[in-house]
Amino acid sequence: MTCKEFIDILDAYLEGGLTPEQRAEISAHLHLCPECVDYIDSYRFTIRAARDCCCGAEDPVPTDVPEELVQAVLAALKQDPDRPS
Amino acid sequence: MNAENSDLRGKTEVRSEEGAPLTALRAGDPAAFERLVREHAPRMLAVARRYLRREDDAEVAVQDAFVSAHRALPGFQGEAGLGTWLHRITVNAALGLLRRKRRLERETSLEDLLPRFRSDGHREAPGLPWVESRESRLEQEEARRKVREALDQLPEIHRTVLMLRDIDGFDTGETATLLGINDNAVKARLHRARLALRTLLEPHFGGGSDA
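Residues numbered from 1 in each chain as written. Chains lettered and ligands numbered in written order. Predicted model: local features only at pLDDT ≥ 70, side-chain atom pairs only at ≥ 80, totals over all residues. Heavy atoms only, no water.

S.K.: Before we go on, may I ask you to explain the side chain of Arg50(B) in this structure?
M.R.: If you trace the backbone, Arg50(B) turns up in helix α3 (residues 30–51). Of the residues examined, Arg50(B) reaches a relative accessible area of 15% and is grouped as buried. At a separation of 2.4 Å, a polar atom in the side chain of Arg50(B) contacts the side chain of Asp168(B). In contact with Arg50(B), not counting residues within four places along its chain, are Cys54(A), His87(B), Arg159(B), Met163(B), Ile167(B) and Asp168(B). (Helix = DSSP H or I, 4+ residues; strand = E, 2+ residues; numbered from the N terminus. Buried < 20%, exposed > 50% of the residue type's maximum accessible area, 1.4 Å probe, protein only. Polar contact = N/O pair within 3.5 Å; in protein donor to acceptor, adjacent residues only side chain to side chain. Contact = heavy atoms within 4.5 Å.)

Here's what the structure looks like:
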């Protein structure tokens with residue numbers, strides 16, 4: 001297995017979706033290729049960083065909402081022809 | 001209920017949290033719905049901003065989401081928390097707006113951001129192991145800002161798939177339904193999006209960087 005072949009199926013590997021033979025082949029590759037071990041680490045880091053950048057306690061969630069938006073929503077509801085009666 | 005939101009009832013997984021307010025909401029009490037808008041609009045606006053880069057688009061999506069929620073409320077059984085339910089409706093509304101603007105149809109090439117390989121299958125310029133800053137809160141916030149900027153550089157369809165799967169936590173099947181594509185397309189786009197995001201983050205987190 002080459003690094004390219006490994007990286008092509010990296011997602012499937014991380015999600016446990018490969019055959020036992022494929023996983024064994026990957027294990028053998030990783031044993032010989034520290035660069036791909038580093039690549040997996042950085043790939044996992046990337047997934048975690050994406051999740052954390054938007055879901056943390058410091059997320060830029062407004063504490064208030066523009067009054068114009070509230071009024072626009074309420075007006076839209078009154079004008080909605082499909083509103084429940 | 002429009003086609004984009006046609007799956008809102010069936011797909012919601014749920015826990016009941018809001019007993020009394022729900023009764024008033026289902027009965028069509030305008031004051032109860034206004035309280036709902038004021039309570040949930042900030043979080044919904046934050047969700048919409050992630051998908052839509054313009055503030056006015058995000059506000060339109062929130063407005064659309066509340067209209068959809070208002071229509072669907074009589075059928076909402078309260079199995080899920082209202083917040084969870086509204087979150088999904090907001091994502092649906094944001095995706096609907098992206099579709100109306102045809103921004104999900106533009107397939108921009110990601111080739112420049114994918115890993116490059118030599119003829120023997122080894123990666124070109126593999127770089128050093130990554131370093132994750134676990135120091136001050138300021139440094140962590142700076143790292144998060146860099147990740148958000150990198151996300152914004154991804155083409156819309158890849159960025160959207162990545163947000164649905166990795167940030168909002170929808171599974172492959174749900175993401176496929178939300179985007180109107182098949183599971184394999186979701187998997188392929190997610191993989192390419194993650195590879196591209198990794199490339200964009202490498203200058204900041206690759207060994208030896210000052211991030």
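S.K.: Can you walk me through the interface of chain A and chain B in this structure?
M.R.: One frequently used descriptor of interface size is the decrease in accessible area upon assembly of the parts. Every contact between the two is made by 47 residues of chain A and, on the other side, 48 residues of chain B. Approximately 4,300 Å² of surface area, both sides summed, lies buried where chain A meets chain B, with 66% of it carried by carbon and sulfur atoms. Counting every contact that joins chain A to chain B gives 4 salt bridges. A salt bridge links Glu15(A) to Arg194(B), with the nearest nitrogen and oxygen atoms 3.9 Å apart. With 16 residues, helix α4 (residues 34–55) of chain A is the largest single contributor of residues to the side of chain A that touches chain B. Its residues assigned to classes, the side of chain A that touches chain B shows 25 nonpolar, 6 polar and 16 charged. (Buried area = accessible area lost by both parts, 1.4 Å probe. Salt bridge = Lys/Arg side-chain N within 4 Å of Asp/Glu carboxyl O. Nonpolar A, V, L, I, M, F, W, Y, C, P; charged D, E, K, R; others polar.)

S.K.: Just to check I follow, could you spell out the environment of Tyr51(B) for this structure?
M.R.: Residues and elements named next belong to chain B. As for its placement among the helices and strands, Tyr51 is situated in helix α3. With a relative accessible area of 0%, Tyr51 lands in the buried category. Leaving out residues up to four positions away in the same chain, Tyr51 has contacts with Val91, Ala94, Leu95, Leu98, Arg103, Glu156, Arg159, Thr160, Met163, Leu164 and Asp168.

S.K.: What should I look at first to understand the side chain of Asp168(B) in this one?
M.R.: Its location among the elements puts Asp168(B) in the loop between α7 (156–167) and α8 (172–179). Leaving out residues up to four positions away in the same chain, Asp168(B) has contacts with Arg50(B), Tyr51(B), His87(B), Val91(B) and Met163(B).

S.K.: Can you walk me through the packing of helix α4 (residues 55–72) of chain B against helix α5 (residues 82–100) of chain B in this structure?
M.R.: For any two helices packed against each other, the geometry is given by the interaxial angle and the distance between the axes. All names here are of chain B. With their axes 8 Å apart at the nearest point, α4 and α5 run at an angle of 125° to one another. As far as their axial angle goes, α5 and α4 are oblique. Between α4 and α5 lies a crossing whose hand is right-handed. Listed contacts from α5 to Asp57, Val60, Ala61, Asp64, Ala65, Ser68, Ala69 and Ala72 of α4 are Trp85, Leu86, Ile89, Thr90, Ala93, Ala94, Leu97 and Arg100. Tallied by class, the residues present in the contact of α4 with α5 amount to 11 nonpolar, 2 polar and 3 charged. (Axes fitted to C-alpha atoms, helices over the stretch in contact; angles between N-to-C directions. Parallel < 35°, antiparallel > 145°, perpendicular 65-115°, else oblique. Left-handed = near helix turned anticlockwise from the far one by under 90°.)

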